[in-house]
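Structural characterization, general
What follows is the residue order along each chain.
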Amino acid sequence: MRGLYALPPGVDFADAFVRGLLERMADQPPEALAGVTVFVNAASTRGALYRAFDRAGPLLLPQIRSITGVDPGPLVMPDPPVPPLARRLELARLIAQMLALRPDLGAGHSIPVLAQSLSQLMVEMQTEGRDLSDLEAIDTGDHARHWQNALAFLRIAAQFHLGDPSQDRPARQRAAAEAAARDWPQGIDLPQGPVIVAGSTGSHGATRLYMQAVAALPNGAVVLPGFDFDQPAPVWDGLERADDHPQARFAPLIAEAGYPQRWTAVRPPSEGRNRLISLALRPAPVTDQWIAEGPALPDLIAATADLTLIEADQPGQEAETIALIMRDAAERGGEQVTLMAADSGLIRRVTAALDRWHIRPDDSAGRPLPLTAPGLFLRQVAALFGQPLTIDRLLILLKHPLTATGSTAIGRNDMLRETRELELQLRRNGPAFPDAATLADWATKGDGTRKIWAEWLAAMLSRITAVTSDRAPRPLPHRLADLLDLAQALAAGPDGDAERSQLWQDKAGQMARAVLDHLVEHAALGPDIGPGDFSALLVTELQAKAVRDDVEAHHCLRIHGPREARLHGHGTVILSGLNEGGWPQALSPDPWLSRQMRAAAGLPLPERQIGLAAHDFQQAVAADRVYLTRAKRDAEAETIPSRWLNRMLNLMGGLPDRGGPEALARMRARGAEWLALAQAVARPPA
């Protein structure tokens, strides 16, 4: 158990890894397995490995840890790392000072968004082992003045942020990896037992360096997921320069540790399909390779017998068809179906379609916190800051299910009735911008319930007016205090109690309160902030959290993101949203460094994200049975098929001797059957 190993696309990574480990430990005593340390790339991988060990029977388990949590130890860095939010707020203060001098550098961006992107850039520099000298080496002579000014500020920010690596976990991980690469070959601080890195692609510099150090240990191994064993050696030789290729992350590891061995003898569901995908995804230019190697592919009709291509007219039809496939699997029972989706909007459509049949899939991502009732309520309250109070803004708040939930003086039904009467009054007679005087006058025209409701609302409008007129930048702690006070007062209602209201009661409310408490704890580090930037900061922090509902999901139906393809890219898989801009998603522009400047600084190019998404696709499309879905149009115009789907279809269409056109026609015919069924379900005959 030494060196580099791999598993091909399409196998159950967790089960295959456990099987290979137990095969290697078969001649060892039972307690030897407890001495093995397994490093994984994510918590989801850790959970999958635990479940795979459970299926293997009663065992002493190895130690399973996160590779991103490796640390140089308290003797080297005694102080704990600083929370990432605190570091982002410190960067936001720097950015605010920059924009005060040069507003043009932040045109079109809010301070929190710029701080988030700058923080991500600092993390990249730390994981890749870059420092201020790498930024100093960038020649900006041929760049526009904007990039030169941005780089000048970036050097200041890097000098501030990168000075003490002990403050940031990515820098600590890099320091631990560098120590392992330096000390282990000399026999210093060697691990006590076998060490394995499982399921990581080495996409980040710190992780890749640690994997190289582990692979060189006498009792160390690295097990790569979704490795393309069909790719010839000449392609591997030039792959480090092809950032958008699915296997590019493995090239540095192979150059250091050699070509990997198979971890187990397990084979993918269709080796012929894996060969087809491997050739289709070759780095450009590919046409000559297709011509030379295409005739050697196996029969494509057999290789694609379990592929179905669904090309819907629009996203709603795509979601309806996916839901029907999942419903069919649920009715038959026993067969697990995994929906891989990068588009959260498509996931919501599919979930809504399944809900008509009272079927709830297991969505690993859960609901984003900003879309829960407490998240929406906080966003709506924050949107009042610095904006005139219109009729619509007022009614949105009054009709929210959390408003006045702590009231003892008025019930929910009475409140909604009075809100409806108020809406009719305002729509007919105005004013366009309601105020306390308007509510006081309206209160005199109703009964006791209206008087209680209107007097409370008039008092709330006075408080709301105070925040709507405040448009100048203010200290972040004051902004948060105003948000909390106003939100809790609205949730309390007439003669109510904020603690008795439902604002912080359920799981989403508790999570939202924890996010705000964390913001309050570190708010003093942030800059003075305007109302628009404050709303952006609130959404950014809420977006980092998601809520999983405490309801029992159907045991056969799962929804996962593309990054989980290495764990769930087996069985029956639906690859959805296969359009450019959907999967792969469009690259976000970097406001700090151009593509050429990133290359000069030794940082990964943006195309790396495309390569990671391509690797997810290659693993998922190798599953036992695969449905490939896309919509030909979206809300704006015709869509472009995903580049990987396009390549596969073009390659198949150009290989008539291997049955490519006929195989493609059969894939589309199978998809047309599902589209027709979905159409019949959506619009049954009279």
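Coordinates for the structure precede this section.
Structural notes, computed from the coordinates. (Residues numbered from 1 in each chain as written. Predicted model: local features only at pLDDT ≥ 70, side-chain atom pairs only at ≥ 80, totals over all residues. Heavy atoms only, no water.)

All right, on to the overall build of the protein then. A tally of helices and strands in the protein yields 28 helices and 16 strands. Relative to its length of 686 residues, the protein is compact, with a C-alpha radius of gyration of 29 Å against a globular reference of 26 Å. Projected onto its principal axes, the C-alpha coordinates of the protein cover approximately 85 × 75 × 60 Å. Contacts spanning at least 24 positions in sequence make up 80% of the contacts within the protein whose residues lie at least 6 apart. For the protein, the exposed area adds up to about 29,900 Å²; of that, 52% sits on carbon and sulfur atoms. Between the averaged position of the 70 positive side-chain charges in the protein and that of its 81 negative side-chain charges there is a distance of 2 Å. (Helix = DSSP H or I, 4+ residues; strand = E, 2+ residues; numbered from the N terminus. Rg over C-alpha atoms; globule rule 2.2 N^0.38 Å. Contact = heavy atoms within 4.5 Å. Areas by Shrake-Rupley, 256 points an atom, 1.4 Å probe, with all protein chains shown as cover. Lys, Arg positive; Asp, Glu negative; His and termini not counted. Charge placed at Lys NZ, Arg CZ, Asp CG, Glu CD.)

An α-helical segment advances 3.6 residues per turn. Residues three or four places apart therefore align on the same side. Along helix H16 (residues 373–382), the residues that are buried comprise Pro374, Gly375, Phe377, Leu378, Val381 and Ala382. Down the axis of H16, the smallest arc covering the buried residues is 165 degrees, so these residues share one side. Residues of H16 that are buried sit in contact with helix H17 (391–398), helix H21 (476–492), helix H22 (507–522) and helix H23 (531–543). (Buried < 20%, exposed > 50% of the residue type's maximum accessible area, 1.4 Å probe, protein only. Arc of directions from axis to C-beta.)

Turning our eyes to something else, we now look at the nonpolar core. Core analysis: the biggest nonpolar cluster contains 56 residues, and Phe377, Trp453, Leu486 and Leu516 have the highest contact counts within it. Sequence-distant contacts of leucine 486, that is, excluding residues within four places in its chain, are made with Val381, Leu384, Phe385, Met460, Arg463, Ile464 and Val467. The next biggest cluster of nonpolar side chains, apart from the first, holds 36 residues, and it includes Leu276, Leu281, Phe617 and Ala620. (Core = buried A, V, L, I, M, F, W, Y, C linked by side-chain atoms within 4.5 Å.)

Before going further, it helps to examine the pairing of strand E15 (residues 572–575). Of the two faces of E15, the one holding Thr572 and Ile574 and the one holding Val573 and Leu575 are both buried throughout. Examined bridge by bridge, strand E8 (residues 337–340) and E15 share four bridges and lie parallel to one another. Note on E15: the bridge partner recorded for methionine 340 is leucine 575. By the bridge criterion, four bridges tie E15 to strand E16 (residues 625–631) in an arrangement that is parallel. (Pairing = 2+ DSSP bridges.)

Given two aromatic rings, one states the distance between the centres and the angle between the planes to describe the pair. By the definition in use, this model includes 16 aromatic pairs. Centroid distance phenylalanine 13 to phenylalanine 17: 6.3 Å. Interplanar angle 10 degrees. Geometry classified as stacked. You can see phenylalanine 13 and its partner phenylalanine 17 sitting in helix H1 (residues 13–24), four residues apart, about one turn around the helix. Ring centres of phenylalanine 227 and phenylalanine 229 lie 4.9 Å apart, and the angle between their planes is 70 degrees; this geometry places the pair in the edge-to-face category. For the pair formed by phenylalanine 227 and phenylalanine 229, the shared burial category is buried. Joined through ring pairs, the aromatic side chains of Phe227, Phe229, Trp236, Phe250 and Tyr259 make up one cluster. Sitting above the plane of the tyrosine 5 ring, arginine 24 keeps its charged end 4.9 Å from the centroid. Cation over ring: arginine 356 sits above tryptophan 357, and NZ or CZ is 4.8 Å from the ring centre. (Phe/Tyr/Trp six-rings, centres within 6.5 Å; stacked < 30°, edge-to-face > 60°. Lys NZ or Arg CZ within 6 Å of the ring centre and 35° of its normal.)

Another aspect to go through is the sheet that holds strand E9 (residues 362–363). A sheet is described by the order of its strands in space; here six strands give the open sequence E7-E16-E15-E8-E14-E9, paired in parallel fashion. At either end of the open sheet lies a strand with only one pairing partner, and these are strand E7 (307–312) and E9. Packed on one face of the sheet, helix H28 (residues 660–682) meets E7 and E16 and runs near 60 degrees to E7. (Axes fitted to C-alpha atoms, helices over the stretch in contact; angles between N-to-C directions.)

Examined against the element boundaries, threonine 403 turns out to sit in the loop between H17 and helix H18 (412–429). Given a relative accessible area of 1%, threonine 403 falls into the buried group. Once residues within four sequence positions are removed from consideration, threonine 403 is found in contact with Phe377, Leu397, Leu398, Arg412, Met415, Trp456, Leu490 and Ala491.

Let us now look at the sheet that holds strand E2 (residues 37–40). Strand order in the open sheet made by the six strands is E3-E2-E4-E5-E1-E6, with parallel pairing throughout. With partners counted over all chains shown, the strands left at the sheet margins are strand E3 (63–66) and strand E6 (261–262), one partner each. Seen against the sheet, helix H2 (residues 43–55) touches E2, E3 and strand E4 (195–198) and runs at an angle of roughly 165 degrees to E3. Most of the contacts of helix H8 (residues 205–215) go to strand E5 (residues 220–224), to which it runs at about 130 degrees, and overall it touches strand E1 (3–6), E2, E4 and E5.

Attention now moves to empty space enclosed by the protein. In this structure the tally under the stated criterion is three cavities of 30 Å³ or more. Along the walls of the largest cavity sit 14 residues, with Leu89, Ala92, Pro112, Ala115 and Leu537 positioned nearest its centre. Elements with a minimum of two residues in the lining of the largest cavity: helix H3 (84–101), helix H4 (111–127) and H23. Residue classes in the lining of the largest cavity are distributed as ten nonpolar, two polar and two charged. Roughly 60 Å³ of volume is contained in the second largest cavity. Contributing to the lining of the second largest cavity are Leu7, Pro8, Pro9, Gly10, Val11, Phe13, Pro225, Gly226, Ala565, Arg566, Gly569 and Gln619. Looking at the lining of the second largest cavity residue by residue, the classes come out as seven nonpolar, four polar and one charged. (1 Å grid on protein atoms, 1.4 Å probe; cavity = no way out; pocket = protein on both sides within 12 Å on 5 of 7 lines; lining within 4 Å. Points joined across faces, edges and corners; volume = space filled by probe spheres on them. Nonpolar A, V, L, I, M, F, W, Y, C, P; charged D, E, K, R; others polar.)

What follows concerns helix H6 (residues 145–161). The end-to-end C-alpha distance of H6, which contains 17 residues, comes to 24 Å, matching closely the 24 Å that a straight helix rising 1.5 Å per residue would cover. Restricting attention to buried positions, one finds in H6 the residues Asn149, Ala150, Leu151, Phe153, Leu154, Ala157, Ala158 and His161. Buried residues in H6 make contact with H3, H4, helix H5 (132–136) and helix H25 (595–600). (Expected span 1.5 Å × (residues − 1).)

A word on the packing of H22 against H23. Angle between the axes and distance between the axes: these two values describe a pair of packed helices. Running from N to C, H22 and H23 point in directions that differ by 125 degrees, and their axes come no closer than 10 Å. Taken together, the axis directions place H22 and H23 in an arrangement best described as oblique. Crossing geometry of H22 relative to H23 is assigned as right-handed. The residues of H23 that touch H22, namely those facing Val515, Leu516 and Leu519, are Leu537, Leu538, Glu541 and Leu542. Its residues assigned to classes, the contact of H22 with H23 shows six nonpolar, no polar and one charged. (Parallel < 35°, antiparallel > 145°, perpendicular 65-115°, else oblique. Left-handed = near helix turned anticlockwise from the far one by under 90°.)

Spatial relationships are all this shows, so hold off on functional conclusions.
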